[in-house]
Amino acid sequence: MVFDSDSIASPIEAEPPHHKPETSQRCRRFLREGLGRGEALLDVGCGDGELLEVLKRQGGFDKVFGLEIDPELTRVCHQRGLFVIRGRAEAIPLASASLDAVVCSVVIPYTDSRRAIREWSRILKPGGLVHATYHGWGFGWDYLLHGAHFKKRFYGLRMLVNSVVYDWSGRRLPGFLGDTLCQSAKRLRLIYDSCGLTLEREEVIETVAGAPRFLGHRLRKTKIG
Ligand SMILES: C[S@@+](CC[C@H](N)C(=O)[O-])C[C@H]1O[C@@H](n2cnc3c(N)ncnc32)[C@H](O)[C@@H]1O
């Protein structure tokens, strides 16, 4: 039995078994470097605002703000003095062609990925940039092979099985079984092509069992979607 929609997950269990500070630092560096300058930058799914704060300090943009679905995390961001809108990555409440850059750090696996990525393209001005990181297949393998207890290993297993089913059928497993996907460059490129985003740079950030644990993509809006 499969789901009809490419739908939503909870990131609650996404504590990686092998937390390496250098991996997080590489992901953060990939996201924040080379963004250039402009009027407005949005961090989609900004969580508690840690990266958003860094981006704000870094400068280069007149407005640096976030979007977050979780009310508690949105509140934490507000307490940190950050400007964060509550909303969904799949329906961003901003005008078309209004932003110069979008940053998105490991959020797409929990969303309806096609709709969320199409939204980046819609809100960006032509020539605008996206810096995104994703969980690759190695992320699922990491949980399955190295998870400290049964629940973590099961999380890895369902992530991998769900990704195979999704690639094969275009649909997720039912309920919580289908709540998160490993991303592949091949699948992402099809979405980018369909919405006028060009992949300019890919970085594999750590591998597990020969597969990317994290994938970093830098994209440019090249066509009007
Ligand atoms: C793994 S956390 C990453 C948080 C932050 N980007 C970071 O790297 O620290 C995923 C975040 O995406 C948010 N999220 C999940 N689904 C979302 C959706 N459909 N729209 C907007 N945010 C979403 C979660 O609430 C959570 O804050």
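Conventions used here
Residues numbered from 1 in each chain as written. Predicted model: local features only at pLDDT ≥ 70, side-chain atom pairs only at ≥ 80, totals over all residues. Heavy atoms only, no water. Pairing = 2+ DSSP bridges. Helix = DSSP H or I, 4+ residues; strand = E, 2+ residues; numbered from the N terminus. Axes fitted to C-alpha atoms, helices over the stretch in contact; angles between N-to-C directions. Contact = heavy atoms within 4.5 Å. Domains from an automatic or database assignment. Buried area = accessible area lost by both parts, 1.4 Å probe. Salt bridge = Lys/Arg side-chain N within 4 Å of Asp/Glu carboxyl O. Polar contact = N/O pair within 3.5 Å; in protein donor to acceptor, adjacent residues only side chain to side chain. Near = heavy atom within 4 Å. Areas by Shrake-Rupley, 256 points an atom, 1.4 Å probe, with all protein chains shown as cover. Nonpolar A, V, L, I, M, F, W, Y, C, P; charged D, E, K, R; others polar. Parallel < 35°, antiparallel > 145°, perpendicular 65-115°, else oblique. Left-handed = near helix turned anticlockwise from the far one by under 90°. pLDDT = per-residue confidence, 0-100. Buried < 20%, exposed > 50% of the residue type's maximum accessible area, 1.4 Å probe, protein only.

- With an unreviewed UniProt entry as reference, the protein is termed Methyltransferase type 11, source organism Isosphaera pallida.

Considerations on the sheet that holds strand S3 (residues 84-86)
No. 1: Taking strand neighbours across the sheet as the criterion, the seven strands line up as S3-S2-S1-S4-S5-S7-S6 in an open arrangement whose pairing is mixed. Looking along the sheet, the strands with just one partner apiece sit at the ends: S3 and strand S6 (197-208). Within the sheet, the average angular offset between the axes of one strand and its neighbour, ignoring direction, is 15 degrees.
No. 2: In this sheet, strand S7 (residues 211-221) lies alongside strand S5 (residues 124-135) in antiparallel orientation, the contact comprising seven bridges. Paired with His135 across the two strands is Phe214, which belongs to S7.
No. 3: Relative to the sheet, helix H1 (residues 21-32) contacts strand S4 (99-105), S5, S6 and S7, its axis offset from that of S6 by approximately 170 degrees.
No. 4: Across the sheet, helix H3 (residues 71-79) touches strand S2 (61-68) and S3, and the angle it forms with S3 is around 160 degrees.

Some words on the domain arrangement of the protein
No. 1: The domain boundaries assigned to the protein delineate domain 1 (19-136 + 183-221) and domain 2 (138-181).
No. 2: Placing the centre of domain 1 and that of domain 2 at their C-alpha centroids yields a distance of 23 Å.
No. 3: Across the contact, 15 residues belong to domain 1 and 17 residues belong to domain 2.
No. 4: Where domain 1 abuts domain 2, roughly 1200 Å² becomes buried across the two surfaces, and 47% of that area is made up of carbon and sulfur atoms.
No. 5: Our count for the domain 1 to domain 2 interface comes out at two salt bridges.
No. 6: Measuring nitrogen to oxygen at the nearest pair gives 3.1 Å for the salt bridge that ties Arg213 to Asp142.
No. 7: Between the two partners, domain 1 and domain 2, sit seven residue pairs in polar contact (both at pLDDT 80 or more).
No. 8: If you list the elements that add at least two residues to the side of domain 1 that touches domain 2, you get helix H4 (113-123) and S7.
No. 9: In terms of residues, the side of domain 1 that touches domain 2 owes the most to one element, S7, which gives four residues.

Considering the site of the ligand
No. 1: Among the 17 residues in the neighbourhood of the ligand, the closest are listed as Gly45, Glu68, Ala89, Glu90 and Ser105.
No. 2: The side chain of Glu68 places a nitrogen or oxygen atom 2.5 Å from an oxygen atom of the ligand.
No. 3: Glu90 is positioned such that a nitrogen or oxygen atom in its side chain is 3.1 Å from a nitrogen atom of the ligand.
No. 4: Considering the ligand on its own, with 600 Å² of exposed area, one finds that the protein chains cover 87% of that surface.
No. 5: The residue makeup of the shell around the ligand, split by class, is seven nonpolar, five polar and five charged.

A few points about the packing of H1 against helix H2 (residues 50-58)
No. 1: Contact geometry for H1 and H2: axes closest at 11 Å, N-to-C directions at 45 degrees. Looking at the two axes, H1 sits oblique to H2. For the pair H1 and H2, the crossing hand works out as right-handed. Within the contact between the two elements, H1 uses Arg28, Leu31 and Arg32 and H2 uses Glu50, Leu51, Val54, Leu55 and Gln58.
No. 2: Each residue belonging to the contact of H1 with H2 can be placed in one class, and the counts come to four nonpolar, one polar and three charged.

Some remarks on the confidence of the model for the protein
No. 1: Of the residues in the protein, 91% have a pLDDT of 70 or more, and the chain-wide mean is 91.
No. 2: Low pLDDT, under 50, characterises residues 1-13; the stretch is placed with 38 contacts to residues that sit more than four places away or in other chains.

Some points on the pairing of S7
No. 1: Among the eleven residues of S7, nine are classified as buried, and the element is accordingly described as predominantly covered.
No. 2: The pairing of S6 with S7 spans ten bridges and is antiparallel. Bridged to Thr207 within S7 is Pro212.
No. 3: Counted between consecutive antiparallel strands, the loop separating S6 from S7 contains two residues, among which Ala209 sits at a positive phi close to 50 degrees.

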